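One-letter residues, chain by chain:
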Amino acid sequence: MATFLYKLGRLAFRRRHFVALIWVALLTLAGVGAANAPTAGASSFSIPGTEAQKAFDLLEQRFPGMSADGATARVVFKAPGGEKMADKANKATVEKTVKALEDGSEVTSVTDPFKAKAVSKNGSIAYTSVKYKVSGMELKDSSKDALESAAQQARDAGLTVEVGGDALQATPETGSTEVIGIAIAAVVLVITFGSLIAAGLPLLTALIGVGIGVSTITALASALDLGTTTSTLAMMIGLAVGIDYALFIVSRYRAELAEGREREEAAGRAVGTAGSAVVFAGLTVVIALVGLSVVNIPMLTKMGVAAAGTVAIAVLIALTMIPALLGYAGRKVQPAGQKSRLLGGGRAAKKAGRPNMGTRWASFVVRRPLAVLLLGVVGLGAAAVPAASLELGLPDDGSQPASTTQRRAYDLLSDGFGPGFNGPLMLVVDAKGSDDPKGAVTRVTDTVKDLKGVVSVTPATYNKPGDTAMITVIADSKPSSVKTENLVHTIRDAGDGITADTDAKVLVTGSTAMNIDFSQKLNDALIPYLALVVGLAFLLLIVVFRSVLVPLKAALGFLLSVMAALGAVVAVFQWGWLANLIGVEQTGPIMSMMPIFMVGVVFGLAMDYEVFLVTRMREAYVHGQKPGQAVVTGFKHGARVVTAAAVIMIAVFSGFIGSSESMIKMIGFGLAIAVFFDAFVVRMALVPAVLALLGKKAWWLPRWLDRALPNVDVEGEGLRGLGAGARNPDEDDDRELARV
C-alpha cells in the first residue's frame, strides 16, 4: 500500500492542475445539485419491529385519512389572575380563536375546549388541539403564520397564550460558536506549522470535503428521506477528520523536507507513510459509522452512512488534493523546524540537539510507566462514575429552553392537567379476531383504569367496521420519567392476559411509548454493535500493527475514554453540573442514542490517534530501535501533531455546543470531552506506559498469523529502496497507477 500511495502522491503533486480541477468540479456539481434539489420534508421516524411502530402502522390501515403522522399544535390559554376561562369575555376569545384556526387549508380538525372538556379543574387553563394534514417540516409558512396570528390575537384580548406541538418546529441553529471552533483550529494550525500557507491547506481541503459531502446530502435529502440532523452530523465529523487527516500528511511532508528530499519526493513519501495511516484511520471511522445500521433504526442508519461518506471524501482529498496543493505552495511550505518569514524569519525554531516536549514526556512515561498507568486509569474511572446513574430518554417540549413558547405551553399543561398530560399513551385494541370486539375493548378500559399511576382513560374511539379502537391514557408522571416507562410495561403485561382471554390484541403507542421502545431497542443493540465494530477494527489494527496486544490495548483504552465521556455527559446534562456554562437550561434523561452513537464515533476517532501515534513507534521498532526508544521516537515525531489534531477536533466539536437543538448540543459536548480523554489521557499517557511495560511483547504476533496476514506496509518499509536519484520516471508512475 505504501508504494501505491507513494506513487499516487507524486502523481497528484505533478498533475496538480488536473487534480484540483476534478475536486473543484465535484464541489460545483454537488453545489448545483443541492441548490436545485426539492426542499426536503421531515425525516420519517420509524422503529421497525417494536410494538409502538406496529400499533402506528395498524392505525394507518384501520383509520384511513386520519393523518396519523400529521403535525399537531396545542394552543394553551390561561385566564388573567382571578378569572376563569368560562367567563363570558374569555370564552368568546377562545371561540373566536378556534374559528380562526379552522380556516387553514392544511387543517384537518380543531377541538373546542369547552365541548371537549379541555379545561383544567380550577378553570384557569384550557387548550385546543389543531391537527394538520402534513408533517411539521412540510407545513407551509402560511399555516404557521396563521397559527401564530390566531394566538397573538388571543393575547391581545388579555389571555396568556402559548403554542406547543411540532407545528412550529424550526430548523436547529448551530450558533456562532461553530465559526469560533474553526477559528481556533486555524490558530492551532498556524502555531503547529509556523506558516500561514501550511496552516491554510488542511482548512481549505477540509472545507472542500465538507462542502461536497453536505451538498450531496442536501441534494439527496428529499429522495432518500434525510433529516437536517444528518447533514449537521456529517459536517461535524467531516470537518474534524478532514482537518486532522490533512494535518498529518502536511506534517510528514515537512519532516521529509527537513531530511533533505526534493519536494515531489517528499510529497510522495508523506502520502506513502502518513497517507497509509490516514487510510486505516479513516476505515475505522467508516466501519464505526456504517456499523450503526445493525441497530435497524432507519434514521440512525442514514445518519451513519451519510457521515461515513463524508469521512471517505476527507480521506480521498487528503491523499490527492493535499499533495496537489503542496505543489502549488512550493517553497512557501517550509521544512519542519522552520517558520515562515512572517512568523519567525525562516530560522530554526529550536536549538539543535534539544529534545522537544513530546520526547521529554515520553522519556518520563517510559521511566515511570506503572505510576502513569495507575494515575490515568484511576482518573478516567472517577470521571466514569456518574455513568452508573445514566437515564435514557428522548427530548420533548419539556427539554426546550424556558424562553420558547413550546416550553411555556408544556409547563401550562402540566400545571393545569398534570405532568402526564404532555405525553399521553395511546392504546390500540385490535379486536378483529375477537368474538366480542366491544366487550374486549370494555375490558381493556376497565383494566387500565385500575392500574396504579393512571389518572384518566378516555372513552374508546372505533373505526367504521368497529373491530379496532383507540383509547387515550393519561399517566400521573411526566413522559420522560421511569415511572411512566414502568406503566407502559405494566399495561403491556396486562394486555397479554386480555389477549389470551379475548383474542383481542392490545398495543401501546404514542410519542411516549415510541421513545421508550426506541431507547430499549438501542440498549438491546449496544452489545452486538460494540462487538461488531470493535471486532472488525481489532482485526484491521492487527493487520496494521502486526501485533495482538497493541490492538487489544487500543480497544481497552477506548472503553475507558468512552465511559469517562459518558460520565461527563451525565454530570452536565442529567445532574446539571456546570450546565449554565454551555447553555443547558433544562436537565433530564440523556438522549437515547447517545451511548451507542458515542461508542461508534468515538471508537473511530480514537483509533485515528492510535494509528497515527503508534505507527511511528512501529516504524522506529521495525527499523531496529529498542521498544522503549521506539516509544520515545514515536512521540518525538508524532506527539506535537497528535496534540494539535486533538485540540482542533475538540474545537470543532465544541463549536456545535452552541446549537439550539438539544441533541446536537449534547453530541458536540460528548464528542469533545471524549476526544480530550482519549487523546490526552489514553493515547498520550496510557499507551506509552503500557508499551513500555510490555517491551518486545507488545509487537508479538504468532508466526502462523504473521504468514496469513497481508503486508500492508504502513511503516513505508518498501520505500527505503526508492532513492532520490532512481525514483522511477514520471511516465512509469503514470502507467503503474493506470494499471492499478
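Scroll up a little and you will see the structure.
Residues numbered from 1 in each chain as written. Predicted model: local features only at pLDDT ≥ 70, side-chain atom pairs only at ≥ 80, totals over all residues. Heavy atoms only, no water.

Caption draft 1: The packing of aromatic side chains, seen in detail. A complete count under the given rule lists ten aromatic pairs for this structure. Seen from their ring centres, phenylalanine 417 and phenylalanine 421 are 4.8 Å apart, and the 25° between their planes marks the pair as stacked. In this structure, phenylalanine 417 and phenylalanine 421 share a single accessibility class: buried. With centroids separated by 5.7 Å and ring planes inclined at 20°, the aromatic side chains of tyrosine 621 and tryptophan 699 adopt a geometry described as stacked. Note that tyrosine 621 is positioned in helix H19 (residues 594–622) and tryptophan 699 in the loop between helix H21 (662–694) and helix H22 (703–708), a separation of 78 residues in sequence. In this structure an aromatic cluster arises from ring pairing among Tyr127, Phe417 and Phe421. Above the ring of phenylalanine 13, the side-chain terminus of arginine 16 is found at 5.4 Å from the ring centroid. Over the aromatic face of tyrosine 462 sits the side chain of lysine 438, whose NZ or CZ is 5.7 Å from the ring centroid. (Phe/Tyr/Trp six-rings, centres within 6.5 Å; stacked < 30°, edge-to-face > 60°. Buried < 20%, exposed > 50% of the residue type's maximum accessible area, 1.4 Å probe, protein only. Helix = DSSP H or I, 4+ residues; strand = E, 2+ residues; numbered from the N terminus. Lys NZ or Arg CZ within 6 Å of the ring centre and 35° of its normal.)

Caption draft 2: Spatial organisation of a nonpolar patch on the surface. A cluster of nonpolar side chains, contributed by Phe18, Ile22, Leu26 and Leu29, occupies part of the molecular surface with about 400 Å² of accessible area. Mapped onto the elements, phenylalanine 18 comes out in helix H2 (residues 16–36). (Patch = residues over 30% accessible without salt bridge, like charges linked within 9 Å, V, L, I, M, F, W, Y side chains within 5 Å. Areas by Shrake-Rupley, 256 points an atom, 1.4 Å probe, with all protein chains shown as cover. Salt bridge = Lys/Arg side-chain N within 4 Å of Asp/Glu carboxyl O.)

Caption draft 3: Region of the structure containing the side chain of glutamine 574. When you line up the elements, glutamine 574 lands in helix H18 (residues 549–574). At 2.6 Å, the side chain of glutamine 574 and the backbone oxygen of serine 389 are in polar contact. Glutamine 574 has contacts with Ser389, Leu390, Glu391, Val569, Thr587, Gly588 and Ile590, leaving out every residue within four places of it along the chain. (Polar contact = N/O pair within 3.5 Å; in protein donor to acceptor, adjacent residues only side chain to side chain. Contact = heavy atoms within 4.5 Å.)

Caption draft 4: Structural context of the sheet that holds strand E1 (residues 72–78). The strand order across the open sheet built from four strands is E2-E3-E1-E4, with neighbouring strands paired in antiparallel fashion. Edge positions in the open sheet fall to strand E2 (107–110) and strand E4 (160–165), since each of these has one partner strand only. With direction set aside, neighbouring strand axes in the sheet form an average angle of 20°. Sheet topology places E1 next to strand E3 (residues 125–132); seven bridges connect them, and they run antiparallel. In the strand pairing of E3, alanine 73 is matched with valine 130. On the sheet, helix H5 (residues 141–156) packs against E1, E3 and E4 and is oriented at approximately 155° with respect to E4. Packed onto the sheet, helix H14 (residues 405–417) meets E1, E3 and E4 and runs at close to 105° relative to E4. (Pairing = 2+ DSSP bridges. Axes fitted to C-alpha atoms, helices over the stretch in contact; angles between N-to-C directions.)

Caption draft 5: Looking closely at unusual backbone geometry. At asparagine 296, a position not held by glycine, the phi torsion is positive, near 65°. By the element assignment, asparagine 296 lies in the loop between helix H9 (263–290) and helix H10 (298–329). The exposure class of asparagine 296 is partly exposed, given its relative accessible area of 41%. Its identity as a non-glycine residue notwithstanding, aspartate 503 has a phi of 65°, on the positive side.

Caption draft 6: Region of interest: the packing of helix H12 (residues 357–367) against helix H20 (residues 627–654). Axis separation between H12 and H20 bottoms out at 8 Å; the angle between their running directions is 150°. When the axes of H12 and H20 are compared, the pair comes out roughly antiparallel. Read as a crossing pair, H12 and H20 show a hand that is right-handed. Note on element contacts: H20 touches H12 through Gly628, Val631, Val632, Phe635, Lys636 and Ala639, opposite Gly358, Thr359, Trp361, Ala362, Ser363 and Val366. Taken together, the residues of the contact of H12 with H20 sort by class into seven nonpolar, four polar and one charged. (Parallel < 35°, antiparallel > 145°, perpendicular 65-115°, else oblique. Left-handed = near helix turned anticlockwise from the far one by under 90°. Nonpolar A, V, L, I, M, F, W, Y, C, P; charged D, E, K, R; others polar.)

Caption draft 7: Quick peek at the pattern of salt bridges. This structure, assessed with the given rule, holds 17 salt bridges. The partner of arginine 252 in a salt bridge is glutamate 256, and the shortest N-O contact between them spans 3.1 Å. Of the two residues, arginine 252 and glutamate 256 both sit in helix H8 (residues 228–258), four residues apart, roughly one turn of that helix. Assigned by exposure class, arginine 252 and glutamate 256 land together as buried. Put simply, aspartate 678 and arginine 683 hold a salt bridge, and the shortest N to O gap is 2.8 Å. Residue aspartate 678 is classed as buried on the basis of its relative accessible area of 1%. Taking relative accessible area as the criterion, arginine 683 reaches 0% and is therefore assigned buried. Three or more residues are tied together by salt bridges with common partners; here these are Arg252, Glu256, Glu259 and Arg261.

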